[in-house]
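Structure assessment
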Amino acid sequence: MLYSGVMTISVAVSGASGYAGGEVLRLLAGHPNVTIGAITAHSNAGSRLGELQPHLHGLASRILEDTTVENLSGHDVVFLALPHGASAEIAAQLPEGTVVIDAGADHRLQDAEAWEKFYGSAHAGTWPYGLPELPGQREALKGATRIAVPGCYPTSALLALTPGFANSLLLTDDVVIVSASGTSGAGKAAKVNLIGSEVMGSMSPYGVGGGHRHTPEIEQGLSNAAGESVNVSFTPTLAPMSRGILTTATAKVGHGVSYAELRQAWADAYDDEPFVHLLPEGQWPTTKSVQGSNHAVMQLAFDAHTGRVIVTCAIDNLTKGTAGGAVQSMNIALGLDETAGLNLQGVAP
Ligand SMILES: NC(=O)c1ccc[n+]([C@@H]2O[C@H](COP(=O)([O-])OP(=O)(O)OC[C@H]3O[C@@H](n4cnc5c(N)ncnc54)[C@H](OP(=O)(O)O)[C@@H]3O)[C@@H](O)[C@H]2O)c1
């Protein structure tokens, strides 16, 4: 709809009491083309948003409604920030013309068998993948009415290694990725391993040995870039911070590939990107530098001793890793300025 020459879009946000939904609202509150309609929750329906998301000052008096198809219908765009499974059920009942953007995992995987193995339920189908910086992905998102927002770890891992695979510079059978994540990556629900006294001053691995659900998603994205199957060993770790991911991704380089070729491939991939940056040589990514922003920063090195490229990439798991990627994808789908609502810098110190 056009008001005073400005395109205005009505948006509903489900899971608004949670971390991802709260971050979607934080970004949408500053979006020039958006009016925020229904905001919904589950156990917290009926509460004032300000009780649960005290940082969202402009929306504090809004009341959370139940997450039902009726409450979410009638908007141009619906964001789903729900546990996987819950989002597929709701999405299937929303009108085809509504743009549905799912922060959950339900529609990310192309391989139904991989979905069933890692998530243990029936596959709900595959939607266009909301990581516009991947080759050909902007085209896939233009006009899309269903968008699967990537997982937070896959966002950092795919940004880190795709230029190497898309340019056939890396070997596909020896990819090792280790990521450190802030605790918000696990959501807001109370869990003993996430309480302050367990997390403060300590780091711990989990999902070791190929068991993490993001492994098939990372393999899918890298395989699409390479045009052949890529095997990934992925290990996530929990870091004592609320937000942020630092991913270290390494792969063997092809015979004769030079550091200059590697650097050129990454520069060509990202030099024109508004949100993804290959840092100048000698500068390394930090999670703090991207906190609260939709930016991803990375650096690469060539370890001649082992013949490996090492790429480190920092994102904010809640922004570029979820809500920022979701809003960026919405902008592309609707033909808006891709950066609308996302003009946020990092936070320092
Ligand atoms: N956190 C991240 O960094 C991140 C990154 C990428 C993707 N994601 C994805 O985003 C989604 C939300 O994650 P989150 O971290 O925001 O989790 P969260 O903080 O635990 O929030 C979950 C939200 O879903 C609602 N909810 C719970 N059970 C529900 C049900 N059965 N039906 C409808 N709503 C229900 C909750 O409502 P009540 O509070 O009212 O119960 C809450 O609003 C997940 O699919 C997650 O994988 C998260």
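Residues numbered from 1 in each chain as written. Predicted model: local features only at pLDDT ≥ 70, side-chain atom pairs only at ≥ 80, totals over all residues.

A look at the site of the ligand
To keep it simple, the criterion reads: Whether a residue is near a molecule or strand depends on its C-beta atom, generated from backbone atoms, being within 6 Å of that molecule or strand. Secondary structure elements are taken from DSSP: a helix is a run of H or I of four residues or more, a strand is a run of E of two residues or more, and numbering for both begins at the N terminus. Lys, Arg, Asp and Glu make up the charged group, whereas Ala, Val, Leu, Ile, Met, Phe, Trp, Tyr, Cys and Pro make up the nonpolar group; the residues left over, Gly among them, are polar. For the purposes of this description, domain bounds are those given by an automatic or database domain assignment.
Taken together, 30 residues surround the ligand, and among them Gly18, Asn44, Gly104, Gly187 and Lys188 come closest. At the level of elements, α1 (19-28) and α11 (319-334) are the ones that each hand at least two residues to the shell around the ligand. A total of 3 residues in the shell around the ligand trace back to one element, the largest contributor, which is α1. Counted by class, the shell around the ligand contains 12 nonpolar, 17 polar and 1 charged residues. Residue contributions to the shell around the ligand reach at least three from each of two domains, namely domain 1 (2-150 + 320-334) and domain 2 (153-317).

As for the pairing of strand β9 (residues 170-181)
The condition that has to hold: Paired strands are those between which DSSP finds at least two bridges.
Note that β9 and strand β12 (residues 245-253) share 8 bridges and pair antiparallel. Across the sheet, the residue bridging to Val175 is Ala251, located in β12. Bridge count for β9 against strand β11 (residues 232-238) is 7 bridges, and the pairing is parallel. In the strand pairing of β11, Ala180 is matched with Thr237.

Quick word on helix α7 (residues 152-166)
Rules: To estimate the expected span of a helix, count its residues, drop one, and scale the result by 1.5 Å. One fitted axis covers the seven residues ending at a residue, a second covers the seven starting there, and the bend at that residue is the angle between these axes. Whether a residue is buried, exposed or partly exposed is read from the other C-beta atoms within 10 Å of its own C-beta, which are placed from the backbone; 20 or more gives buried, 12 or fewer gives exposed, and intermediate counts give partly exposed.
With 15 residues, α7 extends 21 Å from end C-alpha to end C-alpha; this agrees with the ideal 21 Å at 1.5 Å per step. Of all the bends in α7, the largest measures some 35° and sits at Ala160, one to four residues before the proline Pro163. The buried fraction of α7 is high, at 15 of 15 residues.

Observations concerning the domain arrangement of the protein chain
Cut-off, in case you're wondering: Contact between two residues is assigned whenever their backbone-derived C-beta positions fall within 7 Å.
Segmentation of the protein chain into domains returns domain 1 (2-150 + 320-334) and domain 2 (153-317). The straight-line distance from the C-alpha centre of domain 1 to that of domain 2 is 24 Å. Contacts between domain 1 and domain 2 engage 21 residues on the former and 26 residues on the latter. Contributions of two or more residues to the side of domain 1 that touches domain 2 are made by α5 (112-119) and α11. Element by element, the count of residues in the side of domain 1 that touches domain 2 is highest for α11, at 6 residues.

Description of helix α10 (residues 259-270)
Because each turn of an α-helix spans 3.6 residues, side chains separated by three or four positions in sequence point in the same direction. What counts is decided by this rule: Directions drawn from the helix axis to the C-beta atoms are what define this arc.
Here α10 is 12 residues long and its end C-alpha atoms lie 17 Å apart, about the 16 Å a rise of 1.5 Å per residue gives. Looking only at α10, the buried set comprises Leu262, Ala265, Trp266 and Ala269. Viewed end-on, α10 has its buried residues packed into an arc of 90°, placing them on one side of the element. Of the surrounding secondary structure, the elements contacted by the buried residues of α10 are α7, β12, β13 (276-278), β14 (296-303) and β15 (308-315).

Structural notes on the sheet that holds β13
Stated precisely, the cut-off is as follows: Axis lines are fitted to C-alpha atoms, over the contacting stretch for helices. Their N-to-C directions set the angle, which ranges from 0 to 180 degrees.
An order of β10-β11-β9-β12-β15-β14-β13 is seen for the 7 strands of this open sheet, with the pairing classed as mixed. Lying at the two open borders of the sheet, with one neighbouring strand each, are β10 (204-205) and β13. With respect to the sheet, α7 is in contact with β9, β11, β12, β13, β14 and β15, its orientation differing from that of β12 by roughly 30°. Packed onto the sheet, helix α9 (residues 214-226) meets β9 and β11 and runs at close to 135° relative to β11.

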